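Residues per chain, in single letters:
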Amino acid sequence: MDDVVGAIADPVRREILVMLRDGRLSAGEIAGRFQISRPAVSRHLRVLRQSGLVRDELVGRQRLYELDAGQFTQLAAWLVQFVQPAGWEQRLDALETEVYRTRRRRRARGAADQAKENTA
């Protein structure tokens, strides 16, 4: 997970990931979208490849890169602990709490009624 976090810490690498979300791109296509040098883009691609966030394949003379979103799973699972439920999730949580509360009350009343019947 540390490699993934380190890789996405840089805004250029995050932009590359967004570009690759829609499909494979060659290193030249990626480099053409930035104002930085091709060697700098190559270094960013190497970091992304080493972190496992992208895969590359040599096709003829071109190196094609594609996103490997599976590496985000562990990071997403860790981050979810910091996200507060919003909107419908919060309302459904409140409804669930109320359902359990009502069931508990009914069970308690049923047990009390049962005890009264047994003593009568």
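Residues numbered from 1 in each chain as written. Predicted model: local features only at pLDDT ≥ 70, side-chain atom pairs only at ≥ 80, totals over all residues. Heavy atoms only, no water.

**Focus: the environment of Ala94**
Defined as follows: Helix and strand assignments follow DSSP, with helices taken as H or I runs no shorter than four residues and strands as E runs no shorter than two, numbered in order from the N terminus. Exposure categories follow from relative accessible area, calculated using a 1.4 Å probe and restricted to protein chains: below 20% of the type maximum is buried, above 50% is exposed, and the middle band is partly exposed.
Position of Ala94 among the secondary structure elements: in helix α6 (residues 88-119). Given a relative accessible area of 47%, Ala94 falls into the partly exposed group.

**Re helix α2 (residues 11-20)**
Heads up, the condition is: Of all possible arcs, the one meant is that of the directions from the helix axis to the C-beta atoms. We define a polar contact as two N or O atoms separated by no more than 3.5 Å, with the added condition that, inside protein, one atom must be a possible hydrogen donor and the other a possible acceptor, whereas residues neighbouring each other in sequence contribute only through side-chain atom pairs.
Buried within α2 we find Val12, Arg13, Ile16, Leu17, Met19 and Leu20. For α2, the buried positions fall inside an angular range of 160 degrees around the axis, keeping them on one side. Of the residues flanking the start of α2, the one acting as N-cap is Asp10, its side-chain oxygen 2.8 Å from the backbone nitrogen of Val12.

**Describing the packing of α2 against helix α4 (residues 38-51)**
Short version of the rule: Helix axes are fitted only over the stretch in contact, all axes being lines through C-alpha atoms; the angle between N-to-C directions runs from 0 to 180 degrees. Throughout this description, any angle smaller than 35 degrees is read as roughly parallel, any larger than 145 degrees as roughly antiparallel, any in the 65 to 115 degree range as roughly perpendicular, and the remainder as oblique. Contact between two residues is taken to exist if any of their heavy atoms lie within 4.5 Å; hydrogens are not considered. The classification used treats Ala, Val, Leu, Ile, Met, Phe, Trp, Tyr, Cys and Pro as nonpolar, Asp, Glu, Lys and Arg as charged, and all other residues, Gly among them, as polar.
At their nearest, the axes of α2 and α4 sit 10 Å apart, and the two run at 70 degrees to each other. Here α2 is positioned roughly perpendicular relative to α4, judged by the angle of their axes. In this structure, α2 uses Val12, Arg13, Ile16 and Leu17 to contact α4, whose residues at the interface are His44, Leu45, Val47 and Leu48. Residue composition of the contact of α2 with α4, grouped by class: six nonpolar, one polar and one charged.

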